[in-house]
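Listed below are the residues making up each chain.
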Amino acid sequence: MEMILKKICIAVALSLLMLACGRPQSDDGSGASTSSDAPFKFMSDMGIDVSRLPTPDSVLEPQGYIARLEPAQLSKLLGKTALLTEDEDFTPSVSLLGGRAYSNGVTMAVYSVEVGESDVILLANYKDGELVDLMNQGTWDFRVPVDGEDGHTLMNQGTWDMPVDFEDGHTLIDEKCRLRFTGDTTFDIERAYVEQNFHFVSEFEVEIESDVWHINKTWSYAIDSDGHFVRNGEKLTTSGKDFEKALDEYALADLGMRPMSEAGRVDALNEVASSRVRGDEVTSDEGYVMMSVLSMIFIQNPRQVLDWMWNNRDGKQDNISVLLKRLYGAGWLDKAALVRYIGAIPDESERAYLERETAQWGPDNAEG
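Residues take numbers from 1 onward in each chain, read along the sequence in its written order. Only residues with pLDDT of at least 70 are given local features in this predicted model, and only at 80 or more are side-chain atom pairs given and counted; all residues enter the totals for whole chains, interfaces and linings. The basis for every side-chain value is the complete set of heavy atoms in the structure, and neither hydrogens nor water enter the calculation.

Asker: Please explain the nonpolar core as it appears in this structure.
Answerer: Within soluble globular proteins, side chains that are nonpolar tend to cluster in buried spots. Membership of the largest hydrophobic core comes to 35 residues, with the highest contact counts inside it found for Leu294, Phe298, Val305, Leu306 and Leu324. Going through the elements one at a time, helix H5 (264-273), helix H6 (287-300), helix H7 (302-311), helix H8 (319-329), helix H9 (335-343) and helix H10 (348-358) are the ones with two or more residues in this core. Looking at this core element by element, the count peaks at 9 residues for H6. Whether two residues are in contact is decided by their heavy atoms, any of which lying within 4.5 Å being enough. Beyond its immediate stretch of four places on either side in the chain, Leu294 contacts Leu269, Val305, Ile320, Leu323, Leu324 and Leu327. Counting 25 residues, the second largest nonpolar core, distinct from the first, contains Leu97, Trp219, Tyr221 and Ala246. The term nonpolar core refers to a set of buried residues drawn from Ala, Val, Leu, Ile, Met, Phe, Trp, Tyr and Cys, joined through side-chain atoms within 4.5 Å. Exposure is judged per residue with a 1.4 Å probe applied to protein chains only, and the accessible area is read against the type maximum: over 50% gives exposed, under 20% gives buried, and values in between give partly exposed. The way it works is that DSSP assigns letters per residue, a run of H or I at least four long becomes a helix, a run of E at least two long becomes a strand, and they are numbered from the N terminus.

Asker: Got a minute to help me understand the environment of Gly233 in this structure?
Answerer: In this fold, Gly233 is placed in strand S10 (residues 229-240). Residue Gly233 is classed as partly exposed on the basis of its relative accessible area of 36%. Linking Gly233 and Ser220, residues 13 residues apart in sequence, is a C-alpha distance of 5.4 Å. Those residues in contact with Gly233 that lie beyond four places of it in its chain are Thr218, Trp219 and Ser220.

Asker: Please clarify how the pairing of strand S2 (residues 94-101) should be interpreted in this entry.
Answerer: Successive residues of a regular strand alternate their side chains across the two faces of the sheet. Buried residues dominate S2, accounting for 7 of its 8 residues. What makes two strands pair is DSSP finding at least two bridges between them. Here strand S1 (residues 67-68) runs beside S2; their pairing, made up of 2 bridges, is antiparallel. Along S2, the bridge assignment pairs Ala67 with Leu96.

Asker: Teacher, can you tell me more about the environment of Lys245 here?
Answerer: Relative to the elements of secondary structure, Lys245 occurs in helix H4 (residues 244-254). Of the residues examined, Lys245 reaches a relative accessible area of 55% and is grouped as exposed. Separated by 2.5 Å, the side chains of Lys245 and Glu249 make a polar contact. Polar contact is the term for a pair of N or O atoms within 3.5 Å; when the atoms are in protein, one must be able to donate a hydrogen and the other to accept it, and sequence-neighboring residues count only if both atoms are side-chain atoms.

Asker: Got a minute to help me understand the packing of H7 against H8 in this structure?
Answerer: Running from amino to carboxyl end, H7 crosses H8 at an angle of 135°, the nearest separation of the two axes being 10 Å. With respect to H8, the axis of H7 lies oblique. Seen from above, H7 lies across H8 with left-handed handedness. Residues Val305, Trp308 and Met309 of H7 lie in contact with H8, whose contacting residues are Ile320, Ser321 and Leu324. Each residue is assigned to one class: nonpolar for Ala, Val, Leu, Ile, Met, Phe, Trp, Tyr, Cys and Pro, charged for Asp, Glu, Lys and Arg, and polar for all the others, Gly among them. Class assignment for the residues of the contact of H7 with H8 results in 5 nonpolar, 1 polar and no charged. Note on geometry: axes are C-alpha line fits, over the in-contact stretch for helices, and angles between N-to-C directions span 0 to 180 degrees. Angle categories: roughly parallel below 35 degrees, roughly antiparallel above 145, roughly perpendicular from 65 to 115, and oblique for all the rest. Throughout, a crossing is termed right-handed when the near helix is turned clockwise from the far one, and left-handed when it is turned anticlockwise from it by less than a right angle.

Asker: Could you clarify how one ought to interpret the pattern of salt bridges in this entry?
Answerer: Close approach of charged atoms allows side chains of opposite charge to pair. Should a side-chain nitrogen of Lys or Arg be within 4 Å of a carboxyl oxygen of Asp or Glu, the pair is scored as a salt bridge. The tally for this structure, following the rule as stated, stands at 9 salt bridges. In this structure, Glu262 engages Arg231 in a salt bridge whose closest nitrogen and oxygen atoms are separated by 2.9 Å. Taken as a pair, Glu262 in the loop between H4 and H5 and Arg231 in strand S10 lie far apart in primary sequence, 31 residues in all. Of the residues examined, Glu262 reaches a relative accessible area of 17% and is grouped as buried. Since its relative accessible area comes to 36%, Arg231 is described here as partly exposed.

Now the structure itself:
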């Protein structure tokens with residue numbers, strides 16, 4: 001479960017042992033193709049050096065280039081969408097890793113947001129220099145190549161089920177991901193997961209004994225003329241045994257990685273929650289994951305969630321309101337900001353309905 005929480009990018013304390021190596025350095029030895037400045041002029045106008053920005057034809061290879069954004073640049077490029085909190089005083093550390101100029105006039109940028117000891121990957125699309133869509137792709141890394149291919153990965157992450165007093169018989173879940181461009185306006189996100197049995201050779205060394213299961217998932221995307229990410233399918237292969245629980249957990253966390261423009265992601269989360277919510281109670285130990293996913297969706301696009309509540313006020317079971325109420329009760333989201341979001345809705349009937357529904361949300365003495 002700890003790996004799932006990392007994937008959906010909630011800034012929790014990371015207590016599991018990670019595969020350790022250094023961050024990418026500024027000297028460029030990767031040989032990756034670099035940008036033609038024109039599609040990225042809106043960035044260079046902000047003072048960002050895009051002359052060496054990696055713009056690959058196939059797999060993104062970001063090592064050797066990293067441009068850390070100044071607060072003013074971050075505000076113009078991503079606004080509040082890169083934040084994992086509504087705290088107005090919090091400014092995350094965000095770096096530009098690479099990009100792609102598409103044939104339909106859309107420019108994509110790949111960012112890394114530091115979250116604790118990890119890095120969250122954001123894919124952002126721009127049209128005429130304006131942000132039009134964004135995808136949060138969870139915790140990636142830039143450290144170990146996939147399958148021994150030099151520089152052909154953005155991520156290799158290990159999550160350990162740590163034994164007590166270094167006892168044997170525990171497992172390592174290893175996860176590898178990469179971003180592969182497949183055409184003028186298409187790309188794939190590839191993820192490979194494997195659970196392995198291991199035992200300790202010494203206090204800090206382990207020896208892998210056997211593989212328990214493998215899960216391989218590939219998501220295919222296209223970029224439409226408006227700059228929106230469009231999901232074009234998903235391929236799944238599995239092998240081994242006892243992978244069903246992990247598959248369910250990944251499927252839930254994957255909802256948090258759908259495009260910001262995809263209104264259907266709220267409905268999809270509501271459907272997934274149907275078997276995990278009873279009345280006003282969350283009956284599953286995955287409640288934290290569902291709340292984390294909804295929190296990220298809401299921070300990216302609060303109006304999308306509020307409109308869903310209004311449009312689904314009659315009929316289907318409303319699990320979104322149950323989860324959102326718990327988020328405010330736990331202090332994950334700011335009630336004063338919710339009041340402002342609702343107050344800005346132009347439709348008087350929708351505004352009045354949401355004010356009534358949310359009036360008692362939040363901790364004691366909340367505004368509203």
